[in-house]
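Chains, contacts and geometry: an overview
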Amino acid sequence: MHTRLFVLRLAARNLRLNYKKSLAALVSIVAGFMSINLFEGYMSGAEDIFNVTYEQRFAYGDLTVHHSKAFKDSVFFDGTSYIAKEDQDKILTYLNSSGEADIISRKLNFTGLITNGNFSTTIMGEGIDVVQTEAMRSPTWTWNTSGGKPLSENVPGVILGEELGRLLKCQLKDGAVFLNPLGGYIAEERTLDCGRPQFQLSSTTQSGQSNAIFLNVSGVTNTLFRELDSRYVEIPLESAQNLMDTDGISLMNIKLKVGVDKASFQKNLIGFTKERRLDVAVSSWKENAFGIIYRQSMSFLNTLRGFFLIVILLIVGFSVVATQTRLVFERITETATLRSLGFKNRLITKIFLAEAFLLSLVGSVFGALLSFVVSYLIKKIGKFYLIGILSEKVPFTIALVPENFLYSWMIITVMTTGACYIPLRKSLRLSINEAFTQH
Amino acid sequence: MKKEFFRIATKNIIRHWRKSLITGLCITLGFTGIVLLGGYMLRMERYLTTQGIYLNHVGHVAIYKKNGLERHLVEPLKHSFSEREKKLITDALKDVEGVDRVGHFIHGQGFMTNGCGSFPFLAWASDPETESYLRNHPLVQERIPLLAKLKKGRGFWETAAEGIVITERLSELLEKPVISGESSDNLEAQNSIIEDCSVEESRKIISSHSGVQLLGFDFQGGLAAIDTNVLAHYSTGFALSEDSSVLMPLSLAQEFFGSKRLTSISLFLKDEDSTQDVLSVLKDKAKAWNLELDFYDYKDQRVNPFYVGAMMFVYIMNLFFFLIVCGVVILSLLNAIQISILERKSEIGTLLAVGYKQSHIRTLFVIESLVLATVSLLTGIILSFVLAMFVNSLGIQFDIVGNAEKLFLVLHVELWFSILLVTFFMLLVYGATHFICRVHLNLPVMKLLERAD
């Protein structure tokens, strides 16, 4: 302990004495730390947005249960593969008795036509458990309508995709403003004028009969995906089941209680469904058809991260190696003096490595501070940008995650100490005489 | 004098070859990284542009009736071109320079049913000649050949048989693996009446033939229905439209929608770069037509949202990468020059003592940096071309967010882009060297001649 303190004190003193040269290495370290941390922060920010969007906004929760033939490679329901009432009850009984499920919400997908008397168009709808879905959307997306009110405030009603609303001449006076960079709307009714408030929704039941229901428009929501936004409607589950003349559902979403292990819960639930011979699939949105955009985005970002890390680490690495090599070789007489005074090579190595360690620590602290500043500035500027198929701009965010700071610091420390160790070994291989005469 | 400076600078680079090598590598790597990422950006740009213009029927310029783009699905009669209007516009376009082809399209919606289940569809209808032109265009064949190729069967532009082309996933939802003309296409089963859809036998009948029914509303708002056959399966390229997209011949769409009207008219140009010129000529001509029209070029978000969105994402990512790489390169460079000055303080002091001016020393350092940068950047150009060729030969496939199909990673490394970047890097190197020299050379000669600490 005493030796360690001595080494650290000596290393700190050396850094102070050689501060001008150390400063040069420090600049490279700060740049390297910041680059890694900012990119990791961007990736974490994107992951956070995806998690909130899929788990809360789309209310998929932690796990989804659906018929094994439904949603195979598509987010659209095939119109036939329902989970029958009897099977739903079995699953619900299991979930309630396990005590690990926090919220269970059901969905029924359907297709059909919507008309307000003047205009008609095709729709892709969802019937939802209003109360449970609202709980699932909490806290960010509890109020999910950019115009009008959510279904919980106006049951029974219909929520339209924003684009569908425009097609049906629903006027939204003021657009909604996001609560925070993760999304969510401020919970207040925004004026929505659809002329005639009542809409007719019609569809064909499983037995091939035409059916129709009438609902008052409650609000409009942005579904995030352009292709969906002009066709999306959301109605209460009971209304959808009336329209489709079924007691089946297409999807059951489960949000687990805090602390419940998702993997083991999923395994147990799959075991239960197999034991009862229920023809259903249990998966997370990250694995199934709903998460395709998430998987594509993260795969793209991961590839870019690999490329980015190679380029940045090589550039920073070269710079650090150059400064550390120079620092070590300039002090070769100093190391020779220490050796002639009886210092062992091991202790000298420790002193130099401690210097490199302290340098990386100080560099990382400065890098972290600058990352905070950059992240704050980006947040302050509030830049939103479009991504591919999305109908809504997404915020450009740099998430400040402790794990990222630690990860960046570890990379930088390994690089700096490694860059110091290699020339040091070379210099210590020289005899004391050689070291004095050559330098 | 300059020649002498150049000689001294080159000598210094060689003398401190280790340091020069490391600084040079930083510049080479940063430059190569940006060029390769630029190559990826160009690949995306060309892929999405070609997809939007040709396979999505947008054209270089799309013409709609006023508000037609937004409202043609719910008010098709009001927001479509009559035959007279179509003739007027098409005739006027004949003498517009640079137009390669004029495409006439109907875009409509409805339900497609197999007798048991019905699914919404969005259809693009065009005449077979136009569709053939679009799918066989040299740019399509060069940039997106896989996407243009049908998954199965032959399109209505390749065969005399009448029918529709649907996406592979829609065929799965409809349980229609069989296409028209296939030996397994059971023509007799098309006339069978399905009484109970829950019976397995009904499913077998459905999937044994290529017949489907289209249901919907005609342009006048009346009910529309038509029987047709699936000729082929294709991919739109977009993940979320793979479940509901249909291509059909114009004649069939006119029969189904009960009208000879058109939703849009698109112009396909000989040269992509002349789009804005043609657009302005078109707007001038349109004044004489006495029609209320909307014009869109292919870069307009409203008509080509995926292109704009995807490219925006790529631009943001590239800008982020570019700024960070440039930042790191410039810091490394400042670092290297600073070390160089500190190491050569006594050398600089001596030069000043024998009559050199500070500006001379600065010029010496600037020339040294520029020579080093030139060599590094030339290496970077060669390295990026070699790496791009290597990557391109690997045949790696990758995803574009929201795309249904993977595409080949082909890095388009262009010389003009490299030259532009070289210029930028040279300015960067010049600025950085100038700055650091100004900061560190402002010392008295005696101070510089002191032994370096």
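For the structure itself, consult the block above.
Residues numbered from 1 in each chain as written. Chains lettered and ligands numbered in written order. Predicted model: local features only at pLDDT ≥ 70, side-chain atom pairs only at ≥ 80, totals over all residues. Heavy atoms only, no water.

So, about the nonpolar core. Counting 188 residues, the largest nonpolar core has Leu95(A), Leu160(A) and Leu201(A) as the members making the most contacts within it. In terms of residue count, helix H12 (residues 305-343) of chain B provides more of this core than any other element does, 20 residues in total. Not counting chain neighbours up to four residues away, the residues in contact with Leu201(A) comprise Phe110(A), Leu113(A), Ile114(A), Ile123(A), Asn211(A), Ala212(A), Ile213(A), Val233(A), Ile235(A) and Leu243(A). Within the second largest apolar cluster, 46 residues are counted, among which are Ile89(B), Ala92(B), Val102(B) and Phe121(B). (Core = buried A, V, L, I, M, F, W, Y, C linked by side-chain atoms within 4.5 Å. Buried < 20%, exposed > 50% of the residue type's maximum accessible area, 1.4 Å probe, protein only. Helix = DSSP H or I, 4+ residues; strand = E, 2+ residues; numbered from the N terminus. Contact = heavy atoms within 4.5 Å.)

Moving on: the side chain of Ser266(B). All names here are of chain B. Among the structural elements, Ser266 can be located in strand E9 (residues 264-269). A relative accessible area of 1% means that Ser266 is categorised as buried. Polar contacts involving the side chain of Ser266 include one to the main-chain carbonyl oxygen of His57, which spans 3.0 Å. Polar side-chain contacts of Ser266 include one of 3.1 Å to the backbone oxygen of Val58. Setting aside its immediate chain neighbours within four residues, Ser266 contacts His57, Val58, Gly59, Val61, Ala62, Arg101, Val102, Gly103 and Phe105. (Polar contact = N/O pair within 3.5 Å; in protein donor to acceptor, adjacent residues only side chain to side chain.)

A word on a positive patch on the surface. On the surface, Arg4(A), Lys344(A), Arg346(A) and Lys350(A) cluster together into a positively charged patch. Its location among the elements puts Arg4(A) in helix H1 (residues 2-17). (Patch = residues over 30% accessible without salt bridge, like charges linked within 9 Å, V, L, I, M, F, W, Y side chains within 5 Å. Areas by Shrake-Rupley, 256 points an atom, 1.4 Å probe, with all protein chains shown as cover. Salt bridge = Lys/Arg side-chain N within 4 Å of Asp/Glu carboxyl O. Lys, Arg positive; Asp, Glu negative; His and termini not counted. Charge placed at Lys NZ, Arg CZ, Asp CG, Glu CD.)

A common way to state how big an interface is: give the accessible area lost once the parts meet. Taken together, the 63 residues of chain A in the interface contact 57 residues of chain B. Across the chain A/chain B interface, buried area totals approximately 5,700 Å², and carbon plus sulfur atoms make up 73% of it. Among the residues of chain A in contact with chain B, Gln296(A), Phe300(A) and Ile315(A) are the three that bury the most area, contributing 11% of the side total. Seen at the junction of chain A and chain B, the total is five residue pairs in polar contact (both at pLDDT 80 or more). Of all the elements, helix H9 (residues 292-330) of chain A adds the most residues to the side of chain A that touches chain B, at 20 residues. Across the side of chain A that touches chain B, the residue classes break down as 35 nonpolar, 17 polar and 11 charged. (Buried area = accessible area lost by both parts, 1.4 Å probe. Nonpolar A, V, L, I, M, F, W, Y, C, P; charged D, E, K, R; others polar.)

Keep in mind these values describe shape, not function.
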